[in-house]
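# What the coordinates show
Each chain, letter by letter, is given below.
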Amino acid sequence: MKEQLKGESLLFLAALIWGVSFVFQKTGMDYVGPMTFGLMRFGIGSLATLPFIFIYDHYCKSKGLDVMRFSDKTMLKAGLLTGLANFGLSSLQQIGLVYTTAGKAGFISAMYVAVVPILMLFLRRKIRRFTWFCIAVALVGLYLLCMTGSAGEFLHLQLGDGLVLGSSVFSAAEIILIDHYADKVNPMKLSFMQFVIAAILSGVCAFAFETVEVSAIIDCRIPILYTGLLEIGAAYTLQIFGQKTAPPVISTIIMSLESVFAVLSGAIFLHEVMSGREITGCVIMFIALLLIQITDTPKGELHD
């Protein structure tokens, strides 16, 4: 029971860090472009995971276990594919945050939970009827949260909300990939490699399409350090160790709080206010997505 409580506490802290990170991702756009922010965020995040990799490798060696090298073909393939997915989701999400609020982005990003079962159809996995029902309910909540205008303007989706919604497709793809490679590679090294790939791609886009200024990066140091060290470096590690002792259903419930923390932190730190309609949409989405995670989420990582 003590170990389970410890694992649940680690997951709660991870969910809190991820939820609050939307505030720092949003404020970071006041200083630098989305791609520049991604370059620094993933660069620092990948470096922050190195100490944990060394510790994990040392532990494996002390137990006489094999240590997978970065040059392993399966590791390289897994790192490249998950890195591409991570770059896609983070880029769309970051650009979307220029146009939408941190709270709404936190909830819309959670739609990856509903997208995962849909993508799994292409892998010939049967989807339960209850899951389809939950997806339909989640879409109703998403409509209330994102759509504007009168009833006649049925599909008037705001740009920022649409971009963040698009990121959920890449997030779902990343989860499926991690689920596929979870038992084949070192999870810590996989995280490191996908962050490095995302940093490289962000850097290429930043120097191609944005003006990268050292002074602006320095001014953006707090958002960059928070998202790099805590959101990427620490929270992913907390999730890995937390899920080792916490029951799957409880783990799902705890990590679903990320979207709630995003709304609360947006209201507290950025003074964001949601309408009654948007709040209703959040509640409906939270319940539907939580039910999907509990009943039909595959066994890989549960976060983007």
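Computed from a prediction, not measured in an experiment: that's the story for all the values here. (Residues numbered from 1 in each chain as written. Predicted model: local features only at pLDDT ≥ 70, side-chain atom pairs only at ≥ 80, totals over all residues. Heavy atoms only, no water.)

## Describing the overall build of the chain
Counting its regular elements, the chain contains 12 helices and 0 strands. What you see in the chain, going N to C, is helices and strands ordered as α-α-α-α-α-α-α-α-α-α-α-α. The C-alpha radius of gyration computed for the chain amounts to 19 Å, which stays within 12% of the reference 19 Å derived for 304 residues, consistent with globular compactness. Viewed in the frame of its principal axes, the chain has a C-alpha envelope of about 65 × 50 × 40 Å. Within the chain, the fraction of its 304 residues that count as buried is 50%. As presented, the chain carries roughly 14,400 Å² of accessible surface, and 70% of it is formed by carbon and sulfur atoms. (Helix = DSSP H or I, 4+ residues; strand = E, 2+ residues; numbered from the N terminus. Rg over C-alpha atoms; globule rule 2.2 N^0.38 Å. Buried < 20%, exposed > 50% of the residue type's maximum accessible area, 1.4 Å probe, protein only. Areas by Shrake-Rupley, 256 points an atom, 1.4 Å probe, with all protein chains shown as cover.)

## Let's talk about the packing of helix H1 (residues 2-28) against helix H10 (residues 221-242)
Two elements in contact, H1 and H10, have axes whose closest approach is 8 Å; the angle formed by their N-to-C orientations is 155°. By the angle class used here, H1 and H10 are roughly antiparallel. As H1 packs across H10, the resulting crossing turns out to be left-handed. Along the lines of polarity and charge, the residues of the contact of H1 with H10 split into 17 nonpolar, 8 polar and 1 charged. (Axes fitted to C-alpha atoms, helices over the stretch in contact; angles between N-to-C directions. Parallel < 35°, antiparallel > 145°, perpendicular 65-115°, else oblique. Left-handed = near helix turned anticlockwise from the far one by under 90°. Nonpolar A, V, L, I, M, F, W, Y, C, P; charged D, E, K, R; others polar.)

## Here we look at the environment of Leu-92
Of note, Leu-92 is situated in helix H3 (residues 73-96). In this structure the C-alpha to C-alpha distance between Leu-92 and Asp-183, which are 91 residues apart in sequence, comes to 29 Å. Beyond its immediate chain neighbours, meaning those up to four positions away, Leu-92 contacts Leu-163, Val-164, Gly-166, Ser-167 and Phe-170. (Contact = heavy atoms within 4.5 Å.)

## Observations regarding the packing of helix H5 (residues 112-120) against helix H7 (residues 159-181)
One can describe the packing of H5 onto H7 by two numbers: an axis separation of 8 Å at closest approach and a directional angle of 60°. Taken as axis vectors, H5 and H7 run oblique relative to one another. Crossing hand, H5 versus H7: right-handed. Across the interface between the two elements, Tyr-112, Val-115, Val-116, Leu-119 and Met-120 of H5 pack against Ser-168, Val-169, Ser-171, Ala-172, Ala-173, Ile-175 and Ile-176 of H7.

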